[in-house]
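Architecture at a glance
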Amino acid sequence: MFCEDLNLMAVRLIYMEARQQGIAVVEARDNHGTDQEGISWLLSTFTWTRSPMSQLQPLIQLQQTTEPLLNVQEMQFWLDKAVAWGQADSPETQKDTGLHLSRLSSYLQQLLIHINNTSSTTETMKRLPYLGQFLGRLCWNPYVTADDTSRRLLLQCLLGLYSEHPSSAVERKANQWIRKVLCQLATEDDDAAAQALMKCVGVPPKEYHLKVLRKMVASLQENIGKSCNSLGNINQRCSCDSVLATSEACVPLVTCPEAAPLIGALLQRPVTCVRATLSEDFLDALSSAYSSQGLSLEEQAVVSLWYHSLSSLEEAVLSLLESVLPPNTGSAPLTLEQQVAQSLLPKACAQHCSIFLVVNEIFRSVLKQAEGNECVKSLIQTFTSCFLKEVALLQPQKCASLKMFFPQSPQSLLLPLLTLPSEMPQEAWRHHLNWLSSSLQRLTEEEEEGDGSSGTRGHHKVFEAWFLLVRCAHWVQVTVQLLGTSGHEDCGPLLWLLTFYYHPTNRGHHRALQLVHVREAWDHLRSLFLDLTHPLSVDHLQSMVTLLSPHPQQPSPFPLLILSLLVSFAVFSQQSLSGSTQILQTVVDQSGLVDEAACVLDSLELRLKEGSCLSSVTNRVHLRIKALQNTLTHMHAA
């Protein structure tokens, strides 16, 4: 979208940039000819006008110091030249200007260094009292400003004199004059000659203004890309001072496609100096435009926006929550993973620990309010999986340690839970899960046995341990898988771990009773799926339906826990596929959990692709999953 009043924005853009550092003033020229043709083109594409000489009074008339940094006689030489060039418009004057441009550029470069190395505008004007008149006369000379190098240095000198916080009458007067000059340079309304030349070379006004904006953006982008130069000399002006001013100037341009490169450069500029801050108005405007899809940013620019703007990051996380958690439904696991990855939040969290901590705190708060919401848990699990993948892609020196990402998690459980099943031998899974189960049991016992404040601390530890387990649900998936393939060996630790995952709190001291119900359900499932000779018992099937239905008079484990065990037995047991299909179909149909069973199957399939499955049964398992998915799909359609 092209901004309607480009002139006003150009004024503001150049003016705000004048806070400390200079830019190469805009020209909208392509390579169009040379010599006289080139001069005509250049004159037609300037955004400034020639002003009457009567307006060019000396900026400040102060006595010269005894030890100027520049040769005063050379300054007088160039001032005389500027006066002579401005009093005549003839071929001889043009020729003389051209012959001296190279020397003039060299002198302007020295002048720029002097300005930047001087502590204040007041000090600069004391040493060079005729500096304002000299710069002013050159600004109105089209043959000087037609030269790229001279124009860039000239405006950098002029803008380098601008004081962001004027501390004297000299600096206030200088600022007033500089603003007036910049406004005149950025508009062409009163210059009939420039309008005529632009019409003569056939440049449409809209095209002209677009070229002006692009060049302006390129100039500002080049300037903010400079490294911090204030580290070695406290009296030297810092190039970072222009970052805040430039970001403020970009506020009305955030939805202009032409400004996208500059916006990206501002957002991604390394924060090496306390002065390199971005305007809050700029960040708010970007956040609003991006959330309303009125702004297109590159991936890294979006990450940088979240790094700079807490409100923008919070809005992105809440938007993700809303998109994947519609009322009464949940996203399919594969779809959820795609949505989470496309949100860029996992990548941003991997690159910036501070972003991860904010996102983590939002998830923690939501989970506390919706402890039993499986959609919330699925989102957190998927997000963590995507996050760990992004961390693995980073070079070690560019990524914070995992302890910094999870400062509140029990450190003894951190690495064991974050370790993926595929990263250890399959024969070690049961031992690993038994250890996790016993560690979590100790935490819960400390909570229950604690008193007063220690109990409060214990409760916090238990929640953080459970929160970490929710994040690392790959081990819960392995637990369910092992329970679906286990024989008569002791499965107490695995059943306890699964119960804790679905019922972490001990409200009413019912954890022991919950565990009894879980073991009862597991025994029923084993008898159903391991009996390969007799026809299916209707009574056994009905008992499973009853277990999947919550009882208001007594505590019951969440139906999804038993459903997960049911799906695991259907997939991993030695029962025939037809028998497993009949059991699953009958139970989920009568209990009304067809959609939930399909979601569990999809999640299982996704996790198996990530290595959470015994390799010896992989092919068989995938074939059974596909068959069971087809059955549930037909049931849903019916």
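What this report covers is the structure whose coordinates are included nearby. (Residues numbered from 1 in each chain as written. Predicted model: local features only at pLDDT ≥ 70, side-chain atom pairs only at ≥ 80, totals over all residues. Heavy atoms only, no water.)

Digging into the layout of surface pockets
What the second largest pocket holds in volume is close to 410 Å³. As for the second largest pocket, its lining consists of 16 residues, and the residues nearest its centre are Tyr290, Trp306, Ala316, Ser319 and Ser343. Per-element accounting of the lining of the second largest pocket gives the leading share, six residues, to helix α16 (residues 310-324). Here the residues of the lining of the second largest pocket are counted per class, giving six nonpolar, nine polar and one charged. (1 Å grid on protein atoms, 1.4 Å probe; cavity = no way out; pocket = protein on both sides within 12 Å on 5 of 7 lines; lining within 4 Å. Points joined across faces, edges and corners; volume = space filled by probe spheres on them. Helix = DSSP H or I, 4+ residues; strand = E, 2+ residues; numbered from the N terminus. Nonpolar A, V, L, I, M, F, W, Y, C, P; charged D, E, K, R; others polar.)

So, unusual backbone geometry
Positive phi is not limited to glycine here, since Leu344 has a value of about 70°. Within the secondary structure, Leu344 is located in the loop between α17 (333-342) and α18 (345-351).

Focus: the nonpolar core
In this structure, Leu267 and Phe282 are the most contacted members of the largest nonpolar core, which totals 132 residues. Ranked by the residues each element gives to this core, the list is headed by helix α29 (residues 559-572), at 11 residues. Trp78, Leu108, Leu138 and Leu155 belong to the second-largest nonpolar core, a separate cluster that totals 31 residues. (Core = buried A, V, L, I, M, F, W, Y, C linked by side-chain atoms within 4.5 Å. Buried < 20%, exposed > 50% of the residue type's maximum accessible area, 1.4 Å probe, protein only.)

Looking at helix α30 (residues 577-591)
Since the α-helix turns once every 3.6 residues, residues separated by three or four places project in the same direction. If you check α30, its first and last C-alpha atoms are 21 Å apart, about what 15 residues at 1.5 Å a residue would give, namely 21 Å. Positive backbone phi, at 70°, marks Gly592, one or two positions downstream of α30. (Expected span 1.5 Å × (residues − 1).)

A closer look at the environment of Val587
Mapped onto the fold, Val587 is located in helix α30. Residues Val587 and Val545, 42 residues apart in the sequence, show an inter-C-alpha distance of 5.6 Å.

Here we look at the environment of Leu515
By the element assignment, Leu515 lies in helix α27 (residues 511-530). Counting along the chain gives 17 residues from Leu515 to Leu498, while the straight-line C-alpha distance between them is 9.2 Å. Residues in contact with Leu515, not counting those within four places in the same chain, are Leu495, Trp496 and Thr499. (Contact = heavy atoms within 4.5 Å.)

Focus on the packing of aromatic side chains
The geometry of two aromatic rings is summed up by the distance between their centres and the angle between their planes. Overall, the coordinates contain 13 aromatic pairs when judged by the stated rule. Look at Phe356 and Phe405: their rings are 5.2 Å apart centre to centre, the planes differ by 85°, and that puts the pair in the edge-to-face class. Within this pair, whereas Phe356 is found in helix α19 (residues 353-369), its partner Phe405 is found in helix α21 (residues 402-405), the two being separated by 49 residues in sequence. The two residues Phe356 and Phe405 agree in class, both being buried. Following the ring pairs from residue to residue traces out a cluster consisting of Phe77, Trp78, Tyr107 and Phe134. A cation sits over an aromatic face here: Lys368 above Phe463, 5.1 Å from the ring centre. When the ring centre of Trp522 is taken as origin, the NZ or CZ atom of Arg526, which lies over that ring, is 5.2 Å away. (Phe/Tyr/Trp six-rings, centres within 6.5 Å; stacked < 30°, edge-to-face > 60°. Lys NZ or Arg CZ within 6 Å of the ring centre and 35° of its normal.)

Points about the state of the cysteines
Counted according to the given criterion, the structure contains zero disulfides. This cysteine, Cys375, is not joined by any disulfide, and Cys599 carries the nearest cysteine sulfur, 7.2 Å off. Look at Cys375 and you get partly exposed, because its relative accessible area is 26%. (Disulfide = S-S within 2.5 Å.)

Things to note about the pattern of salt bridges
Scanning the entire structure with this criterion turns up eight salt bridges. A salt bridge links Glu361 to Arg364; the shortest N-O distance between them is 2.6 Å. Of the two residues, Glu361 and Arg364 are both situated in helix α19; the distance of three residues between them amounts to about one turn of the helix. Within the structure, one salt-bridge network assembled from shared partners comprises Glu361, Arg364 and Glu464. (Salt bridge = Lys/Arg side-chain N within 4 Å of Asp/Glu carboxyl O.)

What to know about the side chain of Ser247
Mapped onto the secondary structure, Ser247 falls in helix α12 (residues 241-249). For Ser247, the contacting residues outside a window of four places in its chain are Leu266, Leu278, Ser279 and Phe282.

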